[in-house]
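Take a look at the letters that make up each chain.
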Amino acid sequence: MSTQVPEQVEEESSADAEQQSAAQQSRMEKKRQNAAARESQEQAEAEEKASSEEDTYLLKVFRYDPEVAGKQEPRFDDFHVPYHKGMTVLDALMYARDHYDSSLTFRHSCRQAICGSDAMFVNGRQRLSCKTQLSDLEEPVRVEPLPHQEVVKDLVVDMEHFYDQMEAVEPYFQTNDLPEGEQLQSRENREKIKMSTRCIWCGACMSSCNIAAGDNQYLGPAAINKAYRFTMDEREGEEMKQHRLEILEQEHGVWRCQTQFSCTEVCPKDIPLTEHIQELKREAVKNNLKFW
Amino acid sequence: MYEHDVIVVGGGGAGLRAAIAAQEEGADVAIVSKLHPVRSHTGAAEGGINAALRDGDSWEKHAYDTMKGSDYLGDAPAIETLCQDSPDEVVQLEHWGLAFSRDEDGRMSQRPFGGMSFPRTTYAGAETGHQLLHTMYEQLVKRGIQVYDEWYVSRLAVSDEEDPADRTCHGVVAYDIQSGELSAFRARKGVVLATGGPGQVFDHTTNAVSNTGDGVAMAYRAGVPMEDMEFIQFHPTSLPSTGVLISEGVRGEGGILYNSEGERFMFEYGYASNDGELASRDVVSRAELSEVNAGRGIEDEYVHLDMRHLGEERILDRLENILHLAKDFEGVNGLEEPMPVKPGQHYAMGGIETDENGETCISGLYAAGECACASVHGSNRLGGNALPELIVFGKRAGHHAAGRDLGKAKIQTGKRGEWEVGEVDTPVEPGDVSASGEDVVADGGAAASSSGGSLSPEEYVDRALDAERARVESLLNKEEGVQHAEIRAEVQKSMTRNVNVFREEEGLKQALRDLREAREKYEDVYVADKSRTFNTDLMQTIETRNILDLAEAITLGALARDEFRGAHWRKENQERRDDVWLKHTMLSWNDGRPELWYRPVILEGEEKTYEPKVRSY
Ligand SMILES: Cc1cc2nc3c(=O)[nH]c(=O)nc-3n(C[C@H](O)[C@H](O)[C@H](O)COP(=O)(O)OP(=O)(O)OC[C@H]3O[C@@H](n4cnc5c(N)ncnc54)[C@H](O)[C@@H]3O)c2cc1C
Ligand code: SF4
Ligand code: FES
């Protein structure tokens, strides 16, 4: 009887326990039928998948290990990874590691573009691998460590220099007078610094920057953006702003930037880095500071 | 050997706050963390941080809401501490520059959150955790606190008296992931564990890959009880394909849940006739799965969360990052279509037993943040109550570890004060597979014989280092066997199938059988990557053992507790049973076997006693 319950009974049923359970049974029945249909379809799909090359992705992954004989000379390994809709480069790497080669090494943690661990050079461009859909890429997918940084192993690079630059700009809130309770901040001002606070320290921008590649002491886009975040924060006050501008217009600071926009293009958090740098240059000029 | 006054394990919100506090107290403190601090999962928190900051609100109301939300399994002294300290701590974050969202008048914005009687969830867009984590890391840099970045802590150096409550923690053993160097860290005053949640016990989770419950497992193996492990929060709105979280903020702002028939089921089917979408998480999660089980799910798997009616301007202003998440990880445009959502493992209410100062029963060993259980959240955490926990208890643990007198704790730890023996009927023997076999080395079992507490602190630290070296060597020397990825995947699958939102006896027993099998496999585990350099294979193999311990504890607690309280629902007994179950589930590692016991809940607060009421939303 359950499958015969007419549609409108289902809709009225919530008040009536008996009818409700009848409606529920009918849904369960539908569900079972759907599930059965889906199952046979899935099976057919799985078979089709096994026989067609199109449902795997070919990854060419950079390999290097200073300790392992076969890997001391950098090489590329091929991994054929079964594809599912929504699969990211990180998913594919994890699959390859967990099923083919447990020594395949890369940093990752959050899987949601917030920890900044997995910036890599994918098909010739700096990208966060967890945020990059395989379907957006040409095959084969070439995965390499971030350029301009020393490789520790496989896709892992040494981040020390990046961290040093980030920490060189007094990257912490400073003000000379704090009220007892909360400080006030206008919505507009909070909005102004909003994008700059989004940085996840992934290092993609720094790796893409020609200037940084040539001048090891250049603060780089991420560190300058960090400084922007404080320079523009009205809560710090004018005096501190002056101090921050002095740090920024040092020899390896904002004036090094040649507005090539490569950092802005690769930033996975869409931070307008070049604009921020330009704005700081204008501020520095406005404040009549001397520059090199 | 490295030496400091205080060693903080973990650089998430809790660890950073603990380190800052310990330094404020004059201690030489260092953080040892497997991830660089800014990579910690605190950064993923979206919704906000609860604090009674405004006229019309009070810490008492916050405490009442929290106790009610906990389904009367939170301990009043911990809850009251949280709610009293949170407002000052949030203002402290503001003073450190945290970019909170602002009201028209320039004050920090607050939004309503599920289970809260006042809109006290203070937020920074939909990225509160990211802002909090980075703001605190900035303070760390300012203070020059040392970080051993990408060092994996794998064992605690604890003395070996018979009763864990007589033991002392003298440090930790860790290895430098980058170089493979294994080293001891002596802590002259204390060790604070702040290792975060255990989400990787399940295969559908909002947690990070590195949330493997390491701290909880290490403390457990050293003799500290795990408390209330069965209480796992499943968040009702995670994206189906990845588990990425869609913040409760969406529902706070007015987002609506629909089933496949387009019905607003929270009201339509009476799951929460008053609060609807803003009912507490367990209620909404079960409602969603009930809808799916009743055939009203979409693709038999999920429901829809719709925010389109809020309008583009409001969405962009307050929930912009939700748009990015839905697009990047599910391919859905939240401005134009509803977002698919389903329940995913989200938060562990239980963890390392501590008092309200963050101290465990082992002297010198502290825990704070998600790995700890004070207990603030009881059987169910309210949204926005974890971030204040990080800073309130992180700070207290840091201060106390560094020697500040915080007064005598009201909560007792270890088998002190009132407690009772517990019993649970299991289909297989839980715990070590071979309580005295050879393979215990790889499993992390102690190799040395007990000294009865007679060694010096340095000797305990050295001994822990030797034991850990033996374990690592044995894992690396083994040439073939099973790999951790296989074991991990099997455990995760069984846990999601059997120890989910709906729990029944047979499923729980099946999980225990599966876990036993997994433990047997783990006896044969090996690490294929033999390199010392950045060996994540080794690290994940050790993590998998920790996952096994936690999975077993969660399941044992869930099997023993035959009632429905907060996040824990049992098919056989679908009601809260205060006559028997107003007590915490405790599990102690005793000679390779989990020992079950109970401790009564403390409902007596500073000025009043909280009377258990029906938790209806
Ligand atoms: C997606 C998401 C959204 C959330 N949103 C909110 C919200 O809006 N409001 C709220 O109140 N709560 C929220 N929560 C909960 C809250 O964010 C977490 O409970 C909290 O951030 C955990 O912080 P923690 O410091 O305890 O751990 P984590 O931030 O996870 O840090 C753990 C640290 O321990 C280190 N570590 C772990 N194991 C080892 C080891 N073996 N050796 C060395 N180091 C180790 C890691 O490197 C890391 O630094 C959310 C949680 C998730 C997952
Ligand atoms: S600015 Fe962008 S690209 Fe550069 S480190 Fe920050 S998030 Fe990454
Ligand atoms: S894994 Fe965290 S940013 Fe990609």
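Parameters at a glance
Residues numbered from 1 in each chain as written. Chains lettered and ligands numbered in written order. Predicted model: local features only at pLDDT ≥ 70, side-chain atom pairs only at ≥ 80, totals over all residues. Heavy atoms only, no water. Helix = DSSP H or I, 4+ residues; strand = E, 2+ residues; numbered from the N terminus. Rg over C-alpha atoms; globule rule 2.2 N^0.38 Å. Buried < 20%, exposed > 50% of the residue type's maximum accessible area, 1.4 Å probe, protein only. Contact = heavy atoms within 4.5 Å. Areas by Shrake-Rupley, 256 points an atom, 1.4 Å probe, with all protein chains shown as cover. Axes fitted to C-alpha atoms, helices over the stretch in contact; angles between N-to-C directions. Parallel < 35°, antiparallel > 145°, perpendicular 65-115°, else oblique. Left-handed = near helix turned anticlockwise from the far one by under 90°. Nonpolar A, V, L, I, M, F, W, Y, C, P; charged D, E, K, R; others polar. Near = heavy atom within 4 Å. Polar contact = N/O pair within 3.5 Å; in protein donor to acceptor, adjacent residues only side chain to side chain. Patch = residues over 30% accessible without salt bridge, like charges linked within 9 Å, V, L, I, M, F, W, Y side chains within 5 Å. Salt bridge = Lys/Arg side-chain N within 4 Å of Asp/Glu carboxyl O. Lys, Arg positive; Asp, Glu negative; His and termini not counted. Charge placed at Lys NZ, Arg CZ, Asp CG, Glu CD. Expected span 1.5 Å × (residues − 1). Pairing = 2+ DSSP bridges. UniProt positions renumbered as here; feature names shortened; annotations may be inferred. Domains from an automatic or database assignment. Buried area = accessible area lost by both parts, 1.4 Å probe. pLDDT = per-residue confidence, 0-100. Core = buried A, V, L, I, M, F, W, Y, C linked by side-chain atoms within 4.5 Å.

1. Quick word on the overall build of chain B
Right, on to step 1. Of the regular secondary structure elements, chain B holds 16 helices and 20 strands.
Right, on to step 2. Computed over C-alpha atoms, the radius of gyration of chain B comes to 23 Å, within 12% of the 25 Å expected from 2.2 N^0.38 for 617 residues, which places it in the range of a compact globule.
Right, on to step 3. With respect to the principal axes defined by its C-alpha atoms, chain B has extents near 65 × 50 × 50 Å.
Right, on to step 4. Within the span of chain B, comprising 617 residues, buried residues form 70% of the whole.
Right, on to step 5. Within chain B, counting contacts between residues at least 6 apart in sequence, those at least 24 apart form 74% of the total.
Right, on to step 6. A total accessible area of about 18,800 Å² is found for chain B, and carbon and sulfur atoms account for 43% of it.

2. Some points on the packing of helix α8 (residues 221-231) of chain A against helix α11 (residues 273-286) of chain A
All names here are of chain A.
Right, on to step 1. Here α8 crosses α11 at 60°, and the two axes come no closer than 9 Å. On the basis of the axis angle, α8 is oblique to α11. Helix-helix and strand crossings are classified by hand; for α8 and α11 the assignment is left-handed. On the side of α8, the interface is formed by Pro-221, Ile-224, Asn-225, Tyr-228 and Thr-231, while α11 contributes Leu-273, His-276, Ile-277, Glu-279 and Leu-280.
Right, on to step 2. Taken together, the residues that form the contact of α8 with α11 break down as six nonpolar, three polar and one charged.

3. Side note on the site of ligand 1
Residue and element names in this part refer to chain B.
Right, on to step 1. Taken together, 39 residues form the shell around ligand 1, and within it Ser-40, Thr-42, Gly-47, Glu-370 and Leu-387 come nearest.
Right, on to step 2. In the environment of ligand 1, an oxygen atom lies 3.4 Å from a nitrogen or oxygen atom belonging to the backbone of Gly-12.
Right, on to step 3. In the model, an oxygen atom of ligand 1 is placed 3.0 Å from a nitrogen or oxygen of the Ala-386 main chain.
Right, on to step 4. Here ligand 1 loses 98% of its free accessible area of 1,000 Å² to cover by the protein chains.
Right, on to step 5. Of all the secondary structure elements, the ones that give two or more residues to the shell around ligand 1 are α1 (13-24), β2 (29-33), β7 (151-158), β14 (339-348) and α11 (386-401).
Right, on to step 6. Looking at the shell around ligand 1 residue by residue, the classes come out as 15 nonpolar, 19 polar and five charged.

4. Thoughts on the site of ligand 2
Right, on to step 1. Near ligand 2, the surroundings consist of 14 residues, among which A:Cys199, A:Cys202, A:Gly203, A:Cys205 and A:Cys267 are the closest.
Right, on to step 2. The class makeup of the residues in the shell around ligand 2 is twelve nonpolar, one polar and one charged.

5. Re a negative patch on the surface
Right, on to step 1. Among the surface-exposed residues, B:Glu162, B:Asp163, B:Asp166 and B:Asp591 lie close enough to one another that they form a single negatively charged patch.
Right, on to step 2. Among the structural elements, B:Asp163 can be located in the loop between β7 and β8 (169-176).

6. Considerations on the interface of chain A and chain B
Right, on to step 1. If you look at the interface, chain A gives 69 residues, while chain B gives 75 residues.
Right, on to step 2. Here chain A and chain B share ten salt bridges between them.
Right, on to step 3. In this structure, the salt-bridge partner of B:Asp529 is A:Lys153, at a minimum N-O distance of 2.7 Å.
Right, on to step 4. Taken together, the connections running from chain A to chain B amount to 42 residue pairs in polar contact (both at pLDDT 80 or more).

7. Thoughts on helix α4 (residues 128-143) of chain B
Residue and element names in this part refer to chain B.
Right, on to step 1. When the terminal C-alpha atoms of α4 are compared, their 23 Å separation across 16 residues agrees well with the 22 Å that a helix rising 1.5 Å per residue should span.
Right, on to step 2. Across the 16 residues of α4, 14 count as buried, placing the element largely inside the fold.
Right, on to step 3. Just downstream of α4, Gly-144 is the residue with a positive phi angle, here 65°.

8. Regarding the sheet that holds strand β12 (residues 256-258) of chain B
Through backbone hydrogen bonds, the strands of a sheet pair up, either in parallel or in antiparallel fashion.
Residue and element names in this part refer to chain B.
Right, on to step 1. Strands sit in the order β11-β14-β13-β12 across an open sheet of four strands; the sheet is antiparallel. Bordering the open sheet on either side are β11 (232-238) and β12, each of which pairs with just one other strand. Neighbouring strand axes in the sheet, compared pairwise and without regard to direction, differ in orientation by 45° on average.
Right, on to step 2. Alignment of β11 against β14, held across five bridges, turns out to be antiparallel. When the sheet's bridge partners are listed, Ile-232 is paired in β14 with Ala-348.
Right, on to step 3. Contacts from helix α8 (residues 281-296) reach β11, β12, β13 (303-306) and β14 within the one sheet, and its direction differs from that of β11 by about 60°.

9. As for the UniProt feature "active site" (unreviewed entry) in chain B
Right, on to step 1. The UniProt record annotates "active site" (unreviewed entry) at B:Arg281.
Right, on to step 2. A distance of 2.8 Å separates the side chain of B:Arg281 from the side chain of B:Gln233, its partner in a polar contact.

10. Some thoughts on the pairing of strand β4 (residues 125-128) of chain A
Taken residue by residue, a regular strand's side chains alternate between the two faces of the sheet.
Right, on to step 1. The sheet contact formed by strand β3 (residues 119-122) of chain A and β4(A) spans four bridges and is antiparallel. Across the sheet, residue A:Val122 finds its bridge partner in β4(A), namely A:Arg125.

11. Some thoughts on the sheet that holds strand β4 (residues 110-111) of chain B
All names here are of chain B.
Right, on to step 1. Reading across the sheet, the three strands line up as β3-β5-β4 and stay open at both edges, with antiparallel pairing between neighbours. Bordering the open sheet on either side are β3 (49-50) and β4, each of which pairs with just one other strand.
Right, on to step 2. The pairing of β3 with strand β5 (residues 121-122) spans two bridges and is antiparallel. Paired with Asn-50 across the strands is Thr-121, a residue of β5.

12. Looking at the domain arrangement of chain B
One frequent convention defines the size of an interface as the accessible area lost when the parts assemble.
Residues and elements named next belong to chain B.
Right, on to step 1. Along its sequence, chain B is carved into domain 1 (233-345) and domain 2 (440-600).
Right, on to step 2. One C-alpha centre belongs to domain 1, the other to domain 2, and the line joining them spans 33 Å.
Right, on to step 3. Across the boundary between the two partners, domain 1 contributes nine residues, which contact nine residues of domain 2.
Right, on to step 4. Summing both partners gives a buried area of about 690 Å² for domain 1 against domain 2, and 73% of it is carried by carbon and sulfur.
Right, on to step 5. The largest contributions to the domain 1 side of the interface with domain 2 come from Phe-234, Arg-286 and Leu-289, which together make up 71% of the buried area.
Right, on to step 6. For the pair domain 1 and domain 2, the number of links is zero salt bridges.

13. Considerations on the confidence of the model for chain A
Reading predicted coordinates in detail is not appropriate for stretches of low pLDDT.
All names here are of chain A.
Right, on to step 1. On average, chain A scores 85 in pLDDT, and the residues at 70 or more come to 80%.
Right, on to step 2. Low pLDDT, under 50, characterises residues 1-20; the stretch is placed with 19 contacts to residues that sit more than four places away or in other chains.
Right, on to step 3. Here residues 46-51 is a poorly scored stretch, pLDDT under 50, and it has two contacts once near neighbours within four places are set aside; other chains count.

14. Regarding the domain arrangement of chain A
All names here are of chain A.
Right, on to step 1. For chain A, the domain assignment lists domain 1 (56-157) and domain 2 (160-176 + 185-288).
Right, on to step 2. With centres defined by C-alpha atoms, the gap from domain 1 to domain 2 works out at 29 Å.
Right, on to step 3. Counting residues at the interface gives 13 residues for domain 1 and 13 residues for domain 2.
Right, on to step 4. Interface area for domain 1 against domain 2, summed over the two sides, is near 1,000 Å², with a carbon-plus-sulfur share of 53%.
Right, on to step 5. Viewed at the interface, domain 2 and domain 1 are joined by zero salt bridges.

15. Thoughts on the nonpolar core
Right, on to step 1. Of all hydrophobic cores here, the largest spans 138 residues; its most connected members are A:Leu59, A:Leu93, A:Leu134 and A:Val143.
Right, on to step 2. A:Leu93 has contacts with A:Leu59, A:Val61, A:Leu104, A:Phe106, A:Met120, A:Ser129, A:Val143 and A:Leu155, leaving out every residue within four places of it along the chain.
Right, on to step 3. Grouped together as the second largest cluster of nonpolar side chains are 87 residues, B:Ala222, B:Ala518, B:Phe534 and B:Tyr598 included.

16. Let's talk about unusual backbone geometry
Right, on to step 1. Omega for the bond connecting A:Glu139 with A:Pro140 falls within 30 degrees of zero, at -5°, which places this linkage in the cis form.
Right, on to step 2. For A:Pro140, the location among the structural elements is in the loop between β4 and β5 (141-144).
Right, on to step 3. With an omega of 10°, the peptide bond running from B:Ala374 to B:Ser375 counts as cis.
Right, on to step 4. Structurally, B:Ser375 is set in the loop between β17 (372-373) and α11.
Right, on to step 5. For B:Asp71, which is not a glycine, the phi torsion comes out positive at approximately 60°.

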